[in-house]
Amino acid sequence: NIMLDDGTARVTITDFGLARAIDDATVTQSGVIVGTPQYMSPEQARGEPVDARSDLFSLGSVLYFALTGRPPFRAETTMGVLRRISDDPARPIREINPETPGWLAAIIDRLHSKQPDGRLATATELANLLEHCLAHVQQPTAVALPEELIQRAASPRGPRPARLPGR
């Protein structure tokens, strides 16, 4: 659940950590899907143990939706969605919305890693990375983007503009 504060530019995530909470067998019934399938992580979709990195995958899906107007993994059925989450990469954001900064697309791509070890480890790590990128947007000549984001944005995972917009 994401709440927007009225009259401010503040967003509150109200259930960060939900993936771990709903993994408890005492809370769920066998065969019942808890959560919105389009925003589940691959490990959730496969019924495997989850940790905070599962929530980061889901946050990546929310950011993807915010930038494209569609969830990153779509199919006709719930099982089809879960299979796409587990097996298929999301369509590159910049194919849908070329105005997305390369560095932001690279962060979301990392959050969408199929393996938890490929994602950022914590929300704090993500916040620090986003703050660094914001500093770059505000002072592009004084603050460079992290090299990892530049390399990831330039990787051949679909057509992308040659330069990284500093927006």
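Student: Can you walk me through the overall build of the chain in this structure?
Tutor: When its secondary structure is counted, the chain shows 8 helices and 2 strands. Starting at the N terminus and ending at the C terminus, the chain contains elements arranged as β-β-α-α-α-α-α-α-α-α. Taken over 167 residues, the chain has a buried fraction of 37%. When contacts within the chain are restricted to residue pairs at least 6 apart in sequence, long-range pairs at least 24 apart make up 58% of them. Roughly 9,600 Å² of accessible area belongs to the chain as shown, and the carbon and sulfur atoms make up 54% of that amount.

Student: Is there a simple way to explain helix 3 (residues 52-68) in this structure?
Tutor: Spacing of three or four residues puts side chains on the same side of an α-helix, whose turn is 3.6 residues. In this model, helix 3 (17 residues) spans 25 Å end to end at C-alpha, consistent with the 24 Å of a helix rising 1.5 Å per residue. Buried within helix 3 are the following residues: Arg53, Ser54, Asp55, Leu56, Phe57, Ser58, Leu59, Gly60, Ser61, Tyr64 and Thr68. One or two residues past the end of helix 3 sits Gly69, with phi positive at roughly 80 degrees.

Student: What is the right way to read the packing of helix 6 (residues 102-111) against helix 7 (residues 123-138) from this model?
Tutor: A pair of packed helices can be characterised by two numbers: the angle between their axes and the separation between those axes. Two numbers describe how helix 6 lies on helix 7: the axes approach to 11 Å, and their chain directions differ by 170 degrees. With respect to their mutual orientation, helix 6 and helix 7 come out roughly antiparallel. From helix 6, Trp103, Ile107, Arg110 and Leu111 reach across to helix 7, where they touch Glu125, Leu126, Leu129, Leu130, Cys133 and Val137. Residues of the contact of helix 6 with helix 7, tallied by class, amount to 8 nonpolar, no polar and 2 charged.

Student: I'm lost on the environment of Arg74 in this one. Help?
Tutor: Tracing the backbone through its elements, the reader meets Arg74 in the loop between helix 3 and helix 4 (78-87). On the basis of relative accessibility, which here comes to 43%, the residue Arg74 falls in the partly exposed class. It is 9.2 Å that separates the C-alpha atoms of Arg74 and Ala90, two residues lying 16 residues apart in sequence. If near-sequence neighbours (up to four positions away) are discounted, Arg74 is found in contact with Val81 and Arg84.

Student: What should I look at first to understand the nonpolar core in this one?
Tutor: In summary, soluble globular proteins display a tendency toward joint burial of nonpolar side chains. Ranked by internal contacts, the top residues of the largest apolar core, which has 24 residues, are Trp103, Ile107, Leu126 and Leu149. Looking at this core, the elements that each hand over two or more residues are helix 3, helix 4, helix 6, helix 7 and helix 8 (147-154). Ranked by residue count, the leading element in this core is helix 6, at 6 residues. Excluding residues that lie within four positions of it along the chain, Leu126 makes contacts with Leu56, Leu59, Ile107, Leu111 and Leu120.

Cut-offs and rules
Residues numbered from 1 in each chain as written. Predicted model: local features only at pLDDT ≥ 70, side-chain atom pairs only at ≥ 80, totals over all residues. Heavy atoms only, no water. Helix = DSSP H or I, 4+ residues; strand = E, 2+ residues; numbered from the N terminus. Buried < 20%, exposed > 50% of the residue type's maximum accessible area, 1.4 Å probe, protein only. Contact = heavy atoms within 4.5 Å. Areas by Shrake-Rupley, 256 points an atom, 1.4 Å probe, with all protein chains shown as cover. Expected span 1.5 Å × (residues − 1). Axes fitted to C-alpha atoms, helices over the stretch in contact; angles between N-to-C directions. Parallel < 35°, antiparallel > 145°, perpendicular 65-115°, else oblique. Nonpolar A, V, L, I, M, F, W, Y, C, P; charged D, E, K, R; others polar. Core = buried A, V, L, I, M, F, W, Y, C linked by side-chain atoms within 4.5 Å.

Treat this as a map of the structure, not an account of what it does.
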